[in-house]
Amino acid sequence: REQSVLWAVIMIAVSVATVLFQTSRLLGLAVVSERLTRRLRSLTFANMLKQDMAWFDEPRNSAANLSANLSRDVTMVAAVTGESTGTL
């Protein structure tokens, strides 16, 4: 009887520790992913602003294409670097 209570307490403690560690791991990966996304967006936008005026005249560099590319590319990087990185 005493041994079964001891093992039950051990299993509960292990379960609680697992939940805490998994939560902190996922939270850490989310923070890192968001910071990377923010940095990529700001660097990409800063580099767009450094281009010559003629660069914006090309059809592939229209405002709509640039904002769509900025949103799509950075979102794809965020998807790769988020929770999926923690499963490797």
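Here, residues in each chain are numbered from 1, in the same order as that chain's written sequence. With pLDDT at 70 or above as the cut-off, local features in this predicted model cover only qualifying residues; side-chain atom pairs require 80 or more to be listed or tallied, and sums for whole chains, interfaces and linings still use all residues. Only heavy atoms go into the side-chain values, all of them from the structure, while hydrogens and water stay out.

Enquirer: Honestly, the pattern of salt bridges in this entry has me stumped. Any pointers?
Expert: Side-chain pairing between opposite charges can occur once the charged atoms of the two side chains come close. Every case where a carboxyl oxygen of Asp or Glu lies within 4 Å of a side-chain nitrogen of Lys or Arg is listed as a salt bridge. A full pass over the atoms with the stated rule returns 2 salt bridges. Put simply, R72 and D73 hold a salt bridge, and the shortest N to O gap is 3.6 Å. With relative accessibility at 44%, the residue R72 sits in the partly exposed group. Among the residues examined, D73 registers a relative accessible area of 39% and is labelled partly exposed. Exposed residues in this analysis have more than 50% of their type's maximum accessible area, buried residues have under 20%, and partly exposed residues fall in between, with area computed by a 1.4 Å probe over protein chains only.

Enquirer: Help me understand the packing of aromatic side chains in this model?
Expert: Remark: the centre distance and the inter-plane angle together describe each pair of aromatic rings, the angle taken between the planes. Here a Phe, Tyr or Trp ring, Trp counted by its six-membered ring, pairs with any other such ring whose centre lies within 6.5 Å, and the pair is stacked when the planes are under 30 degrees apart, edge-to-face when over 60, and tilted otherwise. The final tally for this structure, using the stated rule, is 1 aromatic pair. Geometrically, the ring pair formed by W55 and F56 is edge-to-face, given 5.1 Å between the ring centres and 85 degrees between the ring planes. A relative accessible area of 22% means that W55 is categorised as partly exposed. For F56, a relative accessible area of 31% puts it in the partly exposed group.

Enquirer: Explain the side chain of T37 here, please?
Expert: By the criteria applied, helices consist of DSSP H or I runs no shorter than four residues and strands consist of E runs no shorter than two, each listed in order from the N terminus. By the element assignment, T37 lies in helix 1 (residues 2-49). For T37, a relative accessible area of 8% puts it in the buried group. Each polar contact in these results corresponds to two N or O atoms within 3.5 Å; when the atoms are within protein, one needs to be able to donate a hydrogen and the other to accept it, and residues that are neighboring in sequence are counted only if both atoms are side-chain atoms. A distance of 2.8 Å separates the side chain of T37 from the backbone oxygen of S33, its partner in a polar contact. We call two residues contacting when some pair of their heavy atoms lies within 4.5 Å. Apart from the residues lying within four places of it in its own chain, the contact partners of T37 are V74 and A78.

Enquirer: Would you mind going over the environment of R72 with me for this structure?
Expert: Here R72 shows up in helix 2 (residues 63-81). Between the C-alpha atom of R72 and that of R41, which follows or precedes it by 31 residues, the distance is 11 Å.

Enquirer: Could you clarify how one ought to interpret the side chain of N61 in this entry?
Expert: Residue position: N61 is located in the loop between helix 1 and helix 2. Residues within four places of N61 in sequence aside, it is in contact with W55, F56 and L66.

Enquirer: Can you help me understand the packing of helix 1 against helix 2 in this one?
Expert: Packed helices, taken two at a time, are described by the angle between their axes plus the distance between the axes. One way to put it is that helix 1 packs onto helix 2 with a least axis distance of 9 Å and a crossing angle of 155 degrees. In terms of orientation, helix 1 lies roughly antiparallel with respect to helix 2. For the pair helix 1 and helix 2, the sense of crossing is right-handed. Counted together, S33, L36, T37, L40, R41, T44 and M48 of helix 1 and L66, L70, S71, V74, T75, V77, A78 and T81 of helix 2 form the full contact between these two elements. In this classification, Asp, Glu, Lys and Arg are treated as charged, Ala, Val, Leu, Ile, Met, Phe, Trp, Tyr, Cys and Pro as nonpolar, and every other residue, Gly included, as polar. For the contact of helix 1 with helix 2, the per-class residue count stands at 8 nonpolar, 6 polar and 1 charged. Helix axes use the C-alpha atoms of the stretch in contact, all axes being lines fitted to C-alpha atoms, and the angles between their N-to-C directions lie in the range 0 to 180 degrees. Note on terminology: angles under 35 degrees are roughly parallel, angles over 145 are roughly antiparallel, angles of 65 to 115 are roughly perpendicular, and the others are oblique. Note on convention: the crossing is left-handed when the near helix lies turned anticlockwise from the far helix by less than a right angle, right-handed when the turn is clockwise.

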